[in-house]
Amino acid sequence: MLRLPRFDFLTPATPRDAALLLRDAGTAMLVAGGTDLFPKMKRRQQQPDILISLGRMTGLRGVSRDGSGVRIGAMTTLTDLAEHPALPREFRVLREAAASVSTPQLRNAGTLGGNLCLDTRCNWYDQSLFWRQAAGYCMKTHANVVCRVATSSSRCLATASADTVPALLALDARVTVTGPDGEREFGLDDMYREDGIHYLTLSRSDVVTSIRIPPRDGWVSTYAKLRERQAFDFPIAGVAIALTLAAGVVDDARVAVTGLGSRATLVAAAADALRGRPLAEDTIAAAATATQRASRPMDNTSGTIAARRIAVKVMTERALKQLATRN
């Protein structure tokens, strides 16, 4: 049985208190639902001496609507997000993405903020300490070791696997974080970088507190995901699409993918292939091909490189055909 290492557990009352503790407490880490962090601690992938819990911060839970759109607290569980009556139908992509994460038990504990900050994954990294000691470490845990996926790579190629991130990118969401010096808001796309180790642009003392989605009146959206086990698993390829039509023609569109690189990304070429055209077979094919061409998966998770590149094209086609039937 894998056991958690020893650690101190702190429960600050406010996000700023948590940010100050993160700044001053050495190897401290935040914990929300713990559904990803605790297994990693058991495998000794993460070994913080202090865990700073956000569990007491009830103000970080819930969904609210106002003139600027929808605000979602970072501690809102994935179950609540998938089922919340305040989420308009235009945000269906987010409901579907949240509902696709793991199992009901883990969705009951896992949070939106935790999913946004989900660690990247790799077959060489997500193993027990015993396995890694026997087969060899990788650069994600040992800086002096080469990448085991691409030995000539200067950076870690571990893969982004959070389902809610592409959904929120497709909805043009913004994120609010609290640091020791106060709050700031920025576009969600600016929260990530193409680096399997330093995949977040946040400082170590930043706390994600909420996500804001602007109004999307008249938009339709959906999330398509391929995974190894249909009952629960991380995405091998995930595609989130949101678009709006005027007189049967795509007026605007946003397409985002995950599971194919170290960050979820918007595919501008796919959106360009959709805008100004009817959502017909040739338009869908062009957008799917553009999404495939923009994808560069590596051999570091389930499925072969070739299969995942085909999968992202098929997932894009399926998502767009579903949206076409809803209009």
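Just above sits the structure.
So, a few notes on the structure that sits alongside this text.

Basis of the calculations
- Numbering of residues starts from 1 in each chain and follows the order in which that chain's sequence is written.
- Selection of residues for local features in this predicted model requires a pLDDT of at least 70, selection of side-chain atom pairs for listing and counting requires 80 or more, and totals for whole chains, interfaces and linings are taken over all residues.
- Only hydrogens and water are removed before side-chain values are computed, so all heavy atoms of the structure are retained for them.
- Runs of H or I in DSSP of at least four residues are treated as helices and runs of E of at least two as strands, each being numbered from the N terminus.
- In this analysis, two residues are considered to be in contact whenever any of their non-hydrogen atoms come within 4.5 Å of each other.
- His is not counted, nor are the chain ends, whereas Lys and Arg count as positive and Asp and Glu as negative.
- Taken as the charge location is NZ of Lys, CZ of Arg, CG of Asp or CD of Glu.
- Residue exposure (1.4 Å probe, protein chains only): buried if accessible area is under 20% of the type maximum, exposed if over 50%, otherwise partly exposed.
- If DSSP finds at least two bridges between two strands, the strands pair.
- Residue types Ala, Val, Leu, Ile, Met, Phe, Trp, Tyr and Cys, when buried and joined through side-chain atoms within 4.5 Å, form a set referred to as a nonpolar core.
- An axis is simply a line fitted to the C-alpha atoms; with a helix, the fit covers only the stretch in contact. Between two such axes, the angle follows the N-to-C directions and lies from 0 to 180 degrees.
- Two helices that cross are described as forming a left-handed crossing if the nearer one is turned anticlockwise from the farther one by less than a right angle, and a right-handed crossing if clockwise.
- Following the grouping adopted for this structure description, the nonpolar residues are Ala, Val, Leu, Ile, Met, Phe, Trp, Tyr, Cys and Pro, the charged ones are Asp, Glu, Lys and Arg, and the polar ones are all others, Gly among them.
- Salt bridges, as used here, are contacts in which a Lys or Arg side-chain nitrogen is within 4 Å of a carboxyl oxygen on Asp or Glu.

What about the overall build of the chain?
Next, step 1: Counting its secondary structure elements, the chain contains 11 helices and 12 strands.
Next, step 2: Over its C-alpha atoms, taken along the principal directions, the chain stretches across nearly 60 × 45 × 35 Å.
Next, step 3: Here the analysis covers contacts within the chain between residues at least 6 apart in sequence; of these, 62% occur between residues at least 24 apart.
Next, step 4: For the chain, the centre of its 42 positive side-chain charges and the centre of its 32 negative side-chain charges are spaced 5 Å apart.

Quick look at the pairing of strand 9 (residues 220-226)
A regular strand carries its side chains on alternate faces of the sheet.
Next, step 1: With 6 of 7 residues buried, strand 9 is to be regarded as a mostly interior element.
Next, step 2: Summarising the sheet, strand 9 and strand 10 (residues 237-246) pair through 7 bridges and their orientation is antiparallel. The residue of strand 10 that forms the bridge with Val220 is Leu243.

Here's the deal with the environment of Ala98
Next, step 1: With respect to the helices and strands, the residue Ala98 is situated in helix 4 (residues 92-99).
Next, step 2: Spatially, the C-alpha atom of Ala98 lies 11 Å from that of Thr76, the residues being 22 residues apart in sequence.
Next, step 3: The contacts of Ala98, once residues within four sequence positions are left out, are Leu78, Leu81, Ala82, Arg107 and Thr164.

Comments concerning the nonpolar core
One recurring pattern in soluble globular proteins is that nonpolar side chains are buried together.
Next, step 1: If you look at the biggest cluster of nonpolar residues, it comprises 44 residues, and the most contacted ones within it are Ile72, Leu116, Leu168, Leu188, Met191, Ile211 and Ile213.
Next, step 2: At the level of secondary structure, the elements contributing two or more residues to this core comprise strand 5 (69-73), helix 3 (78-83), helix 4, helix 6 (112-116), helix 8 (164-170), strand 6 (174-179), strand 8 (207-213) and strand 10.
Next, step 3: The biggest single contributor to this core is helix 8, with 5 residues.
Next, step 4: Residues contacting Leu116, with those up to four places away along its chain left out, are Thr164, Val165, Leu168, Leu188, Met191, Tyr192, Leu200 and Ile211.

With respect to the sheet that holds strand 2 (residues 29-31)
Next, step 1: Spatial strand order, 1-3-2: 3 strands in an open sheet with parallel pairing. In this open sheet, the two strands that pair with only one neighbour each are strand 1 (8-10) and strand 2. When strand polarity is set aside, the average angle formed by the axes of neighbouring strands in this sheet is 30°.
Next, step 2: In this sheet, strand 3 (residues 50-53) lies alongside strand 2 in parallel orientation, the contact comprising 3 bridges. Paired with Met29 across the two strands is Leu51, which belongs to strand 3.

A word on the environment of Phe232
Next, step 1: Considering the arrangement of structural elements, one finds Phe232 in the loop between strand 9 and strand 10.
Next, step 2: On the accessibility criterion, Phe232 (33% relative accessible area) is partly exposed.
Next, step 3: As for Phe232 and Ser102, which are separated by 130 residues in sequence, their C-alpha atoms are 4.5 Å apart.
Next, step 4: Contacts of Phe232, omitting those with residues within four sequence positions, involve Ser102, Thr103 and Arg227.

Comments concerning the packing of helix 10 (residues 281-294) against helix 11 (residues 305-325)
Next, step 1: Between helix 10 and helix 11, the least distance of the axes is 8 Å, while the angle of their chain directions is 145°. Relative to helix 11, the crossing made by helix 10 is right-handed. Side by side, helix 10 and helix 11 meet where Glu281, Ile284, Ala287, Ala288, Thr289, Thr291, Gln292 and Arg293 of the first sit next to Arg309, Ile310, Val312, Lys313, Thr316, Glu317, Leu320 and Lys321 of the second.
Next, step 2: A per-class count over the contact of helix 10 with helix 11 returns 6 nonpolar, 4 polar and 6 charged.

Some points on the sheet that holds strand 12 (residues 265-266)
Next, step 1: Reading across from one edge, 9-10-11-12 is the order of the 4 strands in this open sheet, with antiparallel pairing throughout. Unpaired on one side and paired on the other, strand 9 and strand 12 mark the two borders of the sheet.
Next, step 2: In the packing of helix 11 onto the sheet, the strands contacted are strand 9, strand 10 and strand 11 (249-258), and the crossing angle to strand 10 comes to about 30°.

Here we look at the pattern of salt bridges
Next, step 1: A complete count under the given rule lists 19 salt bridges for this structure.
Next, step 2: A salt bridge links Arg43 to Asp126, with the shortest nitrogen-to-oxygen separation between them at 3.6 Å. With Arg43 in the loop between helix 2 (37-42) and strand 3 and Asp126 in the loop between helix 6 and helix 7 (129-135), the pair connects residues that are 83 residues apart, well separated along the chain. For the residue pair Arg43 and Asp126, the accessibility class agrees, reading buried in each case.
Next, step 3: Taking the shortest distance from any N to any O, the salt bridge between Arg184 and Asp206 comes out at 2.7 Å. Residue Arg184 is located in strand 7 (residues 182-187), and its partner Asp206 is located in the loop between strand 7 and strand 8; the two are separated by 22 residues in the primary sequence.
Next, step 4: On the basis of relative accessibility, which here comes to 38%, the residue Arg184 falls in the partly exposed class.
Next, step 5: Overlapping salt bridges bring together Asp36, Lys40, Arg43, Arg121 and Asp126 as one network.

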